[in-house]
Amino acid sequence: MATPIIGKKNSVKYLDKKEMVFEIVKSKKKQEENPDLLPAECMTPRLVEMMIELVRNYSKHPSFGNYSYRDDMVMAALENLMKHGLKFDPSKYEEPNPFGYYTMITYRCFITFIRGENKERDIKDDLAEEYEQLPSFGRQLNNEIEQSLDNIQIEDEMVSKKKKRKKAKKTN
């Protein structure tokens, strides 16, 4: 694990932007010298460590921390970063922020992974219902909620019909 860097107001930063930019530049030079190597093979060990740390910490964010397949999400995000990590070009920016670039790659990868898992779960639930088995708890809960909403709508329609009948009786 990396040594924490003390920043402003005694906050602890685990990734230093300048160090990350330095490692990216070093990796890009290695890639230029060896164009036949994959991007992941050109990355410095320190850059890889930084990416791992970023993804692990980001996976603990409240939006992603409670998924049972969080480790799989982390591995997918790391794979994505290894493929696209050296596409960041620090020379394009006055003050380069690779942390933001890598965080967005990680975020999008997590979202894509979650959507894929949800599709798989829905397919499993559809098959379970088709063969008269119990679907996942989430599907059961959604079915109960939908049924309750339908019942409320039916009750509302009945109440409005009764009110219309009462108004019709009063006018006659």
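The next thing to look at is the overall build of the chain. Scanning the chain from N- to C-terminus turns up six helices and two strands. Taken from the N to the C terminus, the helices and strands of the chain come in the order β-β-α-α-α-α-α-α. In terms of overall dimensions, the chain is more spread out than a globule: its C-alpha atoms have a radius of gyration of 27 Å, far above the 16 Å expected for 172 residues. Dimensions of the chain, computed from C-alpha atoms along their principal axes, come out at roughly 90 × 45 × 30 Å. Looking at the 172 residues of the chain, the share that counts as buried comes to 27%. Here the contacts in the chain between residues at least 6 apart in sequence split such that 60% fall between residues at least 24 apart.

Turning to the packing of helix α4 (residues 70-84) against helix α5 (residues 98-130), a few remarks are in order. The N-to-C vectors of α4 and α5 enclose an angle of 135°; their axes lie 9 Å apart at closest approach. In this view, α4 runs oblique relative to α5, as classed from their interaxial angle. As for the relative orientation of α4 and α5, their crossing is right-handed in sense. Mapping the contact onto sequence places Asp72, Met73, Val74, Ala76, Ala77, Asn80, Leu81 and His84 in α4 and Tyr101, Tyr102, Ile105, Thr106, Cys109, Phe110, Phe113 and Ile114 in α5.

Our focus in this paragraph is unusual backbone geometry. Excluding glycine, residues mostly carry a negative phi; peptide bonds, for their part, are mostly trans. Notably, Glu132 is not glycine yet its phi reads approximately 55°, a positive angle. Examined against the element boundaries, Glu132 turns out to sit in the loop between α5 and α6 (137-171). Residue classification places Glu132 among the exposed residues on the basis of a relative accessible area of 74%.

What follows covers a nonpolar patch on the surface. A surface patch of nonpolar side chains, about 500 Å² in accessible area, is lined by Phe137, Leu141, Ile145, Leu149 and Ile152. For Ile145, the position within the fold is in helix α6.

What follows concerns the packing of helix α3 (residues 45-59) against α4. Across the interface, α3 lies against α4 with an axial gap of 10 Å and an inter-helix angle of 145°. Here α3 and α4 pass one another in a crossing that is right-handed. Contacts between α3 and α4 pair Val48, Met51, Ile52, Val55, Arg56 and Ser59 from the former with Arg70, Val74, Ala77, Leu78, Leu81 and Met82 from the latter. In terms of residue class, the contact of α3 with α4 is built from nine nonpolar, one polar and two charged.

With that settled, the discussion passes to the nonpolar core. Ranked by size, the top nonpolar core spans 27 residues in total, and within it Met20, Leu47, Met51, Val55, Tyr102 and Phe110 carry the most contacts. Mapped by element, the contributors of at least two residues to this core are α1 (17-33), α3, α4 and α5. In terms of residue count, the dominant contributor to this core is α4 (seven residues). With residues up to four places along the chain from it excluded, the contact list for Phe110 reads Val55, Tyr58, Ser59, Phe64, Met73, Val74 and Ala77.

Looking at where Met50 falls in the secondary structure, it is placed in helix α3. A relative accessible area of 0% means that Met50 is categorised as buried. In the structure, Met50 is positioned 49 residues away from Phe99 in sequence and 9.5 Å away in space, judged by C-alpha atoms. Those residues within four positions of Met50 in sequence are excluded, and the remaining contacts are Leu15, Asp16, Glu19, Met20 and Glu23.

Glancing now at the side chain of Thr106. Take Thr106: it is sitting in helix α5. Residue classification places Thr106 among the buried positions, given a relative accessible area of 0%. In this view, Thr106 contacts Leu54, Val55, Tyr58, Ala77 and Leu81; residues no more than four positions away in its chain are not counted.

So, on to the environment of Phe64. Considering the arrangement of structural elements, one finds Phe64 in the loop between α3 and α4. Considered as a pair, Phe64 and Tyr107 are 43 residues apart in the sequence and their alpha carbons are 9.4 Å apart. Setting aside its immediate chain neighbours within four residues, Phe64 contacts Tyr58, Ser59, Arg70, Met73, Tyr107, Phe110, Ile111 and Ile114.

Relative to the elements of secondary structure, Ser160 occurs in helix α6. With relative accessibility at 32%, the residue Ser160 sits in the partly exposed group. The spacing of Ser160 and Lys17 is 143 residues in sequence and 64 Å in space, taken between C-alpha atoms.

The rules behind the values
- Residues numbered from 1 in each chain as written.
- Predicted model: local features only at pLDDT ≥ 70, side-chain atom pairs only at ≥ 80, totals over all residues.
- Heavy atoms only, no water.
- Helix = DSSP H or I, 4+ residues; strand = E, 2+ residues; numbered from the N terminus.
- Rg over C-alpha atoms; globule rule 2.2 N^0.38 Å.
- Buried < 20%, exposed > 50% of the residue type's maximum accessible area, 1.4 Å probe, protein only.
- Contact = heavy atoms within 4.5 Å.
- Axes fitted to C-alpha atoms, helices over the stretch in contact; angles between N-to-C directions.
- Parallel < 35°, antiparallel > 145°, perpendicular 65-115°, else oblique.
- Left-handed = near helix turned anticlockwise from the far one by under 90°.
- Patch = residues over 30% accessible without salt bridge, like charges linked within 9 Å, V, L, I, M, F, W, Y side chains within 5 Å.
- Areas by Shrake-Rupley, 256 points an atom, 1.4 Å probe, with all protein chains shown as cover.
- Salt bridge = Lys/Arg side-chain N within 4 Å of Asp/Glu carboxyl O.
- Nonpolar A, V, L, I, M, F, W, Y, C, P; charged D, E, K, R; others polar.
- Core = buried A, V, L, I, M, F, W, Y, C linked by side-chain atoms within 4.5 Å.

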